[in-house]
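# Close look at the chain arrangement
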Amino acid sequence: MPTRLCALAASVALLTALAVPAASADPGAAAGTGGTGSTGGTGGPGAAGSGAPTVNLATNPGFELPSPNLADWGSVPGWNCTGGPAEAAVTTTAAHSGTSALTVTPANADSTGECAQTVAVQPDTTYTASAWVRGNFVHLGATGTGHDVAPAWTETTSGGWQQLTTRFTTGPNARSIRLYVHGWYQQGPFSVDDVRVDGPAPAPAVAAGSIPTTDKVVFFTVDDGWQRTPEAERFIADHHLPITAFPLPMPAGTDPDFFKRVTAVPGSSVQDHSVSHSDLSRLPLEQQQVEICDARDTMSRLFGTAPVVFRPPFFAWNTDTLQAAANCGIRTVLTADADFSWGASNIRHPGLLQPGDVVLMHWTDTLAADLPRALAAAEAAGLKPAGLVDYLH
C-alpha cells in the first residue's frame with residue numbers, strides 16, 4: 001500500500017508538471033451532453049491542414065456494439081483491455097449516453113485497468129481525443145503520435161461524469177496511434193463512455209480483384225484456416241511458395257505456429273479476413289469497423305505485423321466496407337479473379353491466368369491438391385507466384 005500511494009503521489013506531481021492546455025478535464029460539463037457515441041459522426045475541432053471532414057475515428061466509441069460471432073468470450077468490441085474480460089465489462093446501466101458504458105475493475109493492486117485501441121491517423125495532422133469518465137484518477141491519452149503528449153486526467157469525478165480532452169499533432173511518419181484509458185493503482189473501478197478521436201476521415205481503401213503489374217507473376221491467397229494439413233504445409237515449403245494467408249482470428253489464435261510456418265517464405269504475409277466471416281455488406285459501417293479492426297489487432301498481436309489488406313468474406317463489400325477498412329489502417333480490399341478452392345479451376349476472365357491475377361484458395365483438406373493445380377495453371381501461363389504485399393503501393 002505505501003508503495004502504491006507513493007507512486008500515485010509521484011505520478012500526480014509528474015502529470016501536473018506535464019500538463020498543457022491541450023490536455024484537460026471539464027468538471028463542469030453535465031452528464032448527457034457529450035458525444036453521441038457514433039463512429040463517423042461529425043463534430044469536434046477540425047484537423048489542421050486538412051480539407052477532409054472531421055469525423056469520430058474511434059471504434060465502438062459508445063460501447064453499444066455487440067461482439068461479433070467467433071470473438072473471444074467477454075471481449076469488448078474494438079477494445080483491448082489489460083487482463084482480458086475479467087477486468088472490463090460493458091454495463092447497461094448508468095451510461096453517460098445510450099444504454100451502455102465501459103466499466104473497468106482493475107484485477108489486482110498492480111493493474112490500472114487499461115483499455116486501448118489502435119486508431120488510423122494521417123501524418124502531420126491535429127486530432128482531438130475526448131471521453132466521458134467516472135471514477136478516481138482516470139486517464140485518457142495517446143501514444144505513437146510522434147510527439148510526447150501529456151494525458152488528460154482527473155483526480156476524481158465525485159461520483160458523476162466528467163469529460164477528459166487532449167489534443168495532439170501527429171509526426172511525419174505516424175500512420176496509427178494507440179488511444180488508451182485507464183484508472184490508477186488501488187483506486188477502484190472506473191467507467192468510460194462516448195469516446196471520440198476527432199480528425200479528418202481517411203481516404204477509403206481501394207477495392208481490387210487483381211494487382212496491376214507487367215511482371216509475369218500471380219498471387220496465391222488462402223482463406224479461413226479451419227483445416228490445417230501437414231500435406232499443404234509441406235507443399236508450400238517444398239516449392240518455396242509465397243502465400244498470403246487470410247485466417248480468421250479463432251483458428252489463427254488456436255494454431256499461430258502453423259500460420260507462421262506456412263508464411264515463412266519471403267513475400268508471404270498474414271492479412272485480415274474479419275472476425276466472424278459475416279457478410280459485411282449487411283452491417284452498418286460501425287459494425288464493419290469492429291469486424292475489421294478487431295481482426296487486425298489479433299493478427300498484429302499474433303504475428304507482429306499489422307495487416308494492410310482486407311479480404312471481405314464471400315467477396316461481399318460496399319462503400320462502407322472501404323471506409324471501415326481505411327479507418328482500421330487497411331489500404332486494399334481484395335477479392336480475386338481466379339478460384340482454385342475445393343477442386344475448382346475457375347478463372348473469371350477468358351483464357352489463361354494473366355499477370356497480376358489473384359488466386360483464391362482455402363485452408364481445407366483439399367488444399368494439398370488445390371495448390372499444385374494452381375501452380376500448374378500459373379506455369380502454363382508462364383507465370384510464377386510472388387509476394388502480394390511486395391506489389392502493393
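Each remark here, short or long, concerns the structure printed above.
A brief structural summary. Because the structure is a prediction, the values reported are computed rather than measured. (Residues numbered from 1 in each chain as written. Predicted model: local features only at pLDDT ≥ 70, side-chain atom pairs only at ≥ 80, totals over all residues. Heavy atoms only, no water.)

## Focus: a nonpolar patch on the surface
Convention followed: Patch criteria: residues need more than 30% relative accessible area and no salt bridge. Like-charged residues are merged within 9 Å; nonpolar side chains of Val, Leu, Ile, Met, Phe, Trp and Tyr are merged within 5 Å. Exposure was quantified through the Shrake-Rupley algorithm and a 1.4 Å probe, taking into account, for residues, occlusion by the shown protein chains and nothing else. Definition used for salt bridges: Asp or Glu carboxyl oxygen within 4 Å of a side-chain nitrogen of Lys or Arg. Numbered from the N terminus, helices here are DSSP runs of H or I no shorter than four residues, and strands are runs of E no shorter than two. Buried means the residue's accessible area, taken with a 1.4 Å probe over protein chains only, is under 20% of the maximum for its type, while exposed means over 50%, and partly exposed covers the values in between.
A cluster of nonpolar side chains, namely Leu70, Trp226 and Met250, defines an oily patch on the protein surface of about 270 Å² accessible area. By the element assignment, Leu70 lies in the loop between strand S2 (54–56) and strand S3 (80–81). Looking at Leu70, the relative accessible area reads 33%, which means it is partly exposed.

## Remarks on the state of the cysteines
Cysteine pairs can be linked by a disulfide, which is a covalent bond between their two sulfur atoms. The line we're drawing: By convention in this document, the label disulfide applies to cysteine sulfur atom pairs within 2.5 Å.
Summed over all chains, the structure comprises two disulfides. Across the disulfide, Cys81 is cross-linked to Cys115 (sulfur-sulfur distance 2.1 Å). Across the disulfide from Cys81 to Cys115, rotation about the S-S bond amounts to roughly 110°, and the bridge is consequently right-handed. A residue pair is termed long-range when its members are at least 10 positions apart, and Cys81 in strand S3 and Cys115 in strand S6 (residues 115–120) qualify at 34 residues.

## Digging into the sheet that holds strand S13 (residues 206–208)
Put simply, the test is: Two strands form a pair only when DSSP identifies at least two bridges running between them.
The three strands are arranged S13-S18-S17 in an open sheet whose pairing can be described as parallel. Single-partner strands in this sheet number two, and they are S13 and strand S17 (309–310).

## Quick look at unusual backbone geometry
We note that Phe137 has phi near 50°; this positive angle belongs to a residue other than glycine. Looking at the element boundaries, Phe137 is found in strand S8 (residues 136–143).

## Brief notes about helix H2 (residues 230–238)
We apply this condition: The arc under discussion is defined with respect to the helix axis, by the directions toward the C-beta atoms. The criterion used for residue contact is that any of the two residues' heavy atoms lie within 4.5 Å.
Of the residues making up H2, those classed as buried are Ala232, Glu233, Phe235 and Ile236. The buried residues of H2 occupy one face: seen down the axis, they fall within an arc of 160°. Among the exposed residues of H2, those oriented more than 90 degrees off its buried face are Ala237 and Asp238. Summarising the contacts, the buried residues of H2 are in contact with strand S15 (243–247), helix H4 (256–262) and helix H7 (367–380). A positive backbone phi angle near 50° is found at His240, which sits one or two residues after H2.

## Quick notes on the pattern of salt bridges
With the rule as written, the count across this model stands at eight salt bridges. Glu233 serves as the salt-bridge partner of Arg261, at 2.6 Å between the closest nitrogen and oxygen. In this pair, Arg261 is assigned in helix H4 and Glu233 in helix H2, connecting sequence segments 28 residues apart. A relative accessible area of 44% places Arg261 in the partly exposed class. Of the charged contacts, one joins Asp279 and Arg282 as a salt bridge, the two residues approaching to 3.2 Å between their closest N and O atoms.

## Details of helix H5 (residues 285–303)
Basically, it comes down to this: What a helix is expected to span follows from its residue count: subtract one and scale by 1.5 Å.
With 19 residues, H5 extends 27 Å from end C-alpha to end C-alpha; this agrees with the ideal 27 Å at 1.5 Å per step. The element H5 is extensively covered by neighbouring structure, given that 14 of its 19 residues are classed as buried. Two residues or fewer after H5 comes Gly304, characterised by a positive phi angle close to 85°.

## A short note on the sheet that holds S6
Spatially, five strands are ordered S3-S6-S11-S8-S9 in an open sheet, and the strand pairing comes out antiparallel. Whereas interior strands pair on both sides, the edge strands pair on one side only; in this sheet they are S3 and strand S9 (152–156). Relative to S9, S8 is paired through four bridges, and the arrangement is antiparallel. When the sheet's bridge partners are listed, His139 is paired in S9 with Trp153.

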